[in-house]
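Secondary and tertiary structure notes
These are the residues of each chain, in order.
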Amino acid sequence: MIEAWNAADVRAAEAPLLEAGEPLMERASFALAMQVLADLRARRRHLRGARVVLLVGAGNNGGDALHAGGVLARRGLAVTAVLVSERAHTGGLAALRSAGGRVVELFADPARTAAVAADAASADVVLDGMVGIGARGALRGPAADLVTALTDARGGRRGSGARVVAVDLPSGIGADDGTVDGPVLPADRTVTFGAAKPGLLLPPAAHLVGELTVVDIGLSLEGAPALRRLEAVDVGRAWPVPGPTDQKYSRGVVGLVAGTSTYPGAAVLSASAAVRAGAGMVRYRGPGAVGHAVLAARPEVVAAPGRVQSWVVGPGVPPSDEDDGQHGRGGGGLAAARGDLGGMSQGATPAVVDAGGLSLLEPPCPPWFVLTPHAGELETLLRRHGEDVHRRDVEAAPLRWARRAHELTGATVLLKGGVTVVVGPSGAYAQADAPAWLSTAGAGDVLAGLLGAMLAARSAEVVERPGLAAEIAAAAALVHGRAAERANPGGPVAALDVADALPATVASLVAQA
Ligand SMILES: NC(=O)C1=CN([C@@H]2O[C@H](COP(=O)(O)OP(=O)(O)OC[C@H]3O[C@@H](n4cnc5c(N)ncnc54)[C@H](O)[C@@H]3O)[C@@H](O)[C@H]2O)[C@@H](O)CC1
Ligand SMILES: Nc1ncnc2c1ncn2[C@@H]1O[C@H](COP(=O)(O)OP(=O)(O)O)[C@@H](O)[C@H]1O
Ligand SMILES: [K+]
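Calculation notes
Residues numbered from 1 in each chain as written. Chains lettered and ligands numbered in written order. Predicted model: local features only at pLDDT ≥ 70, side-chain atom pairs only at ≥ 80, totals over all residues. Heavy atoms only, no water. Helix = DSSP H or I, 4+ residues; strand = E, 2+ residues; numbered from the N terminus. Buried < 20%, exposed > 50% of the residue type's maximum accessible area, 1.4 Å probe, protein only. Contact = heavy atoms within 4.5 Å. Areas by Shrake-Rupley, 256 points an atom, 1.4 Å probe, with all protein chains shown as cover. Lys, Arg positive; Asp, Glu negative; His and termini not counted. Charge placed at Lys NZ, Arg CZ, Asp CG, Glu CD. Domains from an automatic or database assignment. Buried area = accessible area lost by both parts, 1.4 Å probe. Salt bridge = Lys/Arg side-chain N within 4 Å of Asp/Glu carboxyl O. Polar contact = N/O pair within 3.5 Å; in protein donor to acceptor, adjacent residues only side chain to side chain. Nonpolar A, V, L, I, M, F, W, Y, C, P; charged D, E, K, R; others polar. Pairing = 2+ DSSP bridges.

1. Digging into the overall build of the chain
Across its full length, the chain holds 20 helices and 17 strands. The principal-axis extents of the C-alpha atoms in the chain amount to approximately 80 × 50 × 45 Å. Classification of the 513 residues of the chain by burial places 55% in the buried group. Residue pairs at least 24 apart in sequence account for 70% of intrachain contacts in the chain once pairs closer than 6 positions are excluded. Carbon and sulfur atoms form 50% of the exposed surface of the chain, whose accessible area is close to 20200 Å². Between the centroid of the 46 positive side chains of the chain and the centroid of its 50 negative side chains there is a distance of 5 Å.

Now the structure itself:
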């Protein structure tokens, strides 16, 4: 698991060590230099003569870059520091100069910005040390102009020309929330110190981080992290592997309220995913014609009422304001979902509430209800609660708005997207496991069925431990993303293929753990 800590927590953990005279900056910058050397060795035969440009701001982030530059210059690399501010870390500057590094005072001669950017773009490595966790707001002044010019000089493409290594974080991102309010230089790698910061894991900033390296500088961080990211081993270890005394009811029954005559496919996809994820049983409850389609695809599904350990409500059910009255026919669709959800809020059965189910919610909900909106659906849900928010706001600050939805409803919220953000009563997760190929119709229905099966398997525990639903939801996002990758590595996937890849994906996660 990757744990990410807010800037204030990192500073608080640094303070006593700095007071005790621990050389934190030396540790950080040495590790940074070693990472740069390792990356260079992988790309060229000789290090001598490789060109490194440091972009250096006024604070300790610039100090890290300058000290690392000193280490690299001593190894024979040609290092140039570009100062974007009048002030620069004194010790770092002295270290670089004594190692033979050059210094360009860009702040004193802004007309040179384009030329400096062109030179940096053709170097082997650019270290972005303009600001770290001490930044206030978007980059401004010469730093902002240099980033804009350098992004132009690289043709806007990451991976072309100089390799960009961000020091602690790509300068200008919101360290705690991943917001991007101005120019930011996209990194190929980010070397972060002490602990990951939430902004490195959250979109939109997460897309500018590249490969993430966390350097241990000896901080002891206390309390709960601001954000977590599950890794394969966490999910494999927690997977409910059946034992010799298990039977279908102990493994969990998923009740599926999904699909209408207009959208029967969603029910098929959710049912397939729940069956393929190892549910003990899947019960379908919905319009008869849809039930026939579900049974034709998955004969394992049972269309009779009975015991249920988790509900999945809403895939393929249009929101209530689109309901034209036909969806309630045949004892299924919206009418069934509405009746079921009302009863479920009172009971103690976990539920996944997706798509049209979201419009039926009547908060307060228990934390074992997991809402699974995409950004557009979250906009609708939040606006119904009086928030003046648009989809673009949700996309610009997903953790903030997922958290708001959790506060407003009481439910656990899984916000779908390229990075899936989950917020529950004891913390938040950000999962980035899925290839972009997964953004295809029906993928969300598969996630709903998969999550339903995972909640059903640990139904009683999910109700007892308020934070568990979020952990399971984050795990479902990981499994979903990995199944998409497994279904067709590097290429397009269809939603049903993702469901079909679940058994092998789960087997490999369990085997690795
Ligand atoms: N305290 C320490 O000894 C350690 C600090 N570390 C480094 O120190 C960094 C934090 O250092 P600081 O607290 O000095 O802060 P930063 O270096 O992140 O930035 C602060 C400086 O940047 C300028 N600035 C702020 N916002 C700006 C903006 N929007 N546009 C342009 N310039 C802006 C201000 O002049 C300010 O002095 C961490 O990110 C990390 O890289 C690491 O070396 C670990 C140890
Ligand atoms: N750019 C992306 N990269 C990776 N996964 C994505 C991306 N965009 C969306 N997804 C994932 O694809 C799925 C789409 O779900 P959803 O929007 O509900 O589609 P549908 O309603 O058609 O099933 C979600 O699991 C989401 O997290
Ligand atoms: K930086």
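2. A look at the domain arrangement of the chain
According to the domain assignment, the chain contains domain 1 (2-229) and domain 2 (235-512). Contacts between the two partners involve ten residues from domain 1, matched on the other side by 15 residues from domain 2. Overall, the association of domain 1 and domain 2 removes approximately 1000 Å² of surface from exposure, summing both partners, and the carbon and sulfur fraction of that is 62%. At the junction of domain 1 with domain 2, the criterion picks out zero salt bridges. Counting across the interface, domain 1 meets domain 2 through three residue pairs in polar contact (both at pLDDT 80 or more). If one sorts the elements of the side of domain 1 that touches domain 2 by residue count, strand β9 (residues 227-229) sits on top with three residues. When the residues that make up the side of domain 1 that touches domain 2 are grouped by side-chain class, the tally is six nonpolar, two polar and two charged.

3. What to know about the pairing of strand β17 (residues 427-431)
Most of β17 is tucked away, with four of its five residues classed as buried. Pairing between strand β16 (residues 420-424) and β17: five bridges, direction antiparallel. Counterpart to Gly424 in the pairing with β17 is Gly427. Between the end of β16 and the start of β17, which pair antiparallel, lie two residues.

4. Notes on the pattern of salt bridges
A complete count under the given rule lists 18 salt bridges for this structure. Its salt-bridge partner being Asp39, residue Arg163 comes within 3.2 Å of it at the nearest N-O pair. In this pair, Arg163 is assigned in strand β6 (residues 163-167) and Asp39 in helix α2 (residues 24-43), connecting sequence segments 124 residues apart. For Arg163, a relative accessible area of 14% gives the class buried. Residue Asp119 is joined to Arg51 by a salt bridge in which the shortest nitrogen-to-oxygen separation is 3.0 Å. On the criterion of sequence distance, the pair formed by Asp119 in helix α5 (residues 113-121) and Arg51 in strand β2 (residues 51-56) is long-range, its members being 68 residues apart. Under the relative-accessibility criterion, Asp119 is labelled partly exposed at 33%. Looking at Arg51, the relative accessible area reads 27%, which means it is partly exposed. Bridged by salt links that share partners, the residues Asp39, Arg163, Arg189 and Glu211 form one connected network.

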